[in-house]
Amino acid sequence: MIKVSDTARKKIVSLMEDDGFDAATDYVRVGVKSGGCSGLSYDLKFDKALGENDKLFEDNNIKVAVDKKSFLYLAGTILEYSGGLNGKGFVFNNPNAQRTCGCGESFSL
């Protein structure tokens, strides 16, 4: 399961509307790709369609699509949004990550 915090939900709905997506029908696609200073990095984008290898979750009225391979790395993750003085952006609180980099955008297992 991928969870979405209240602050992340508000930001997602706003960004989806700005980009021509509808949070009621479209998806937030969360994934993992190779790269970053710790070996793996997070990928986040909006999508209108599901792939045949996607897992679908809904939390806090947000539909989250994750491909099966990425889900192995992301199970139990909470997607949050930080708008503080130290920077703005989405934060992945991933219980599977054993090491993260200083910017929080990459991790290793």
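Calculation rules
- Starting from 1, residues in each chain are numbered consecutively following that chain's sequence as written.
- In view of the model being predicted, local features appear only for residues whose pLDDT reaches at least 70, and side-chain atom pairs are presented and counted only at 80 or more, with totals across whole chains, interfaces and linings using the full set of residues.
- The side-chain figures draw on all heavy atoms in the structure; neither hydrogens nor water molecules are used.
- Secondary structure follows DSSP: runs of H or I at least 4 residues long count as helices, runs of E at least 2 residues long count as strands, and numbering of each begins at the N terminus.
- Burial classification: accessible surface area is computed with a 1.4 Å probe over protein chains only, and a residue below 20% of its type maximum counts as buried, one above 50% as exposed, and the rest as partly exposed.
- Charged residues are defined narrowly, with Lys and Arg counted positive, Asp and Glu counted negative, and His plus the chain ends left uncounted.
- Definition used for salt bridges: Asp or Glu carboxyl oxygen within 4 Å of a side-chain nitrogen of Lys or Arg.
- Pairs of N or O atoms are called polar contacts if they sit within 3.5 Å, as long as, within protein, a hydrogen donor faces a hydrogen acceptor (for residues adjacent in sequence, only side-chain-to-side-chain pairs).
- Pairs of residues are marked as contacts when any of their non-hydrogen atoms sit within 4.5 Å.
- Working definition: rings of Phe, Tyr and Trp (its six-membered ring) pair if their centres are within 6.5 Å, and the pair is stacked with planes under 30 degrees apart, edge-to-face with planes over 60 apart, and tilted otherwise.
- Two strands qualify as a pair provided DSSP detects at least 2 bridges between them.

1. Considerations on the side chain of D59
- Relative to the helices and strands, D59 resides in strand β4 (residues 54-59).
- Comment: no salt bridge for buried D59; closest opposite-charge side chain is K3, at 4.2 Å.
- Of note is the side chain of D59, whose polar atom sits 2.7 Å from the backbone nitrogen of V4.
- Not counting chain neighbours up to four residues away, the residues in contact with D59 comprise M1, I2, K3 and V4.

2. A word on the packing of aromatic side chains
- Tallied over the full model, the rule gives four aromatic pairs.
- Summarising the aromatic geometry, the rings of F21 and F46 are spaced 5.6 Å apart at their centres and angled 55 degrees between planes, so their arrangement reads as tilted. Pair noted here: F21 is in the loop between α1 (6-18) and β2 (27-34) and F46 is in strand β3 (residues 40-47), with a separation of 25 residues, a long-range link. A single burial state applies to F21 and to F46, both of which are buried.

3. Description of the pairing of strand β5 (residues 62-67)
- With respect to burial, β5 is a largely interior element, five of its six residues being buried.
- Relative to β5, β2 runs parallel, the two sharing two bridges. Residue pairing across strands places V28 opposite V64, the latter belonging to β5.
- In this structure, β4 lies alongside β5, joined through six bridges in antiparallel fashion. Bridge pairing in β5 places K55 opposite V66.

4. Focus on the pattern of salt bridges
- Using the criterion set out here, one finds three salt bridges in the structure.
- In this structure, D26 engages K48 in a salt bridge whose closest nitrogen and oxygen atoms are separated by 3.3 Å. One end of the pair, D26, is in the loop between α1 and β2; the other, K48, is in the loop between β3 and β4, with 22 residues separating them in the sequence.
- The shortest N-O distance in the salt bridge between R29 and D54 comes to 2.7 Å. In this pair, R29 is assigned in strand β2 and D54 in strand β4, connecting sequence segments 25 residues apart.
- We classify R29 as buried; its relative accessible area is 14%.
- Among the charged side chains, a network of salt bridges with common partners joins R29, D47 and D54.

5. Some remarks on the environment of A49
- For A49, the location among the structural elements is in the loop between β3 and β4.
- A relative accessible area of 42% places A49 in the partly exposed class.
- C-alpha separation for the pair A49 and T25, spaced 24 residues apart in sequence, amounts to 9.5 Å.
- Non-local contacts of A49, meaning those with residues more than four positions away in its chain, are made with Y27 and R29.

Functional significance is not addressed by these values, which are geometric in nature.
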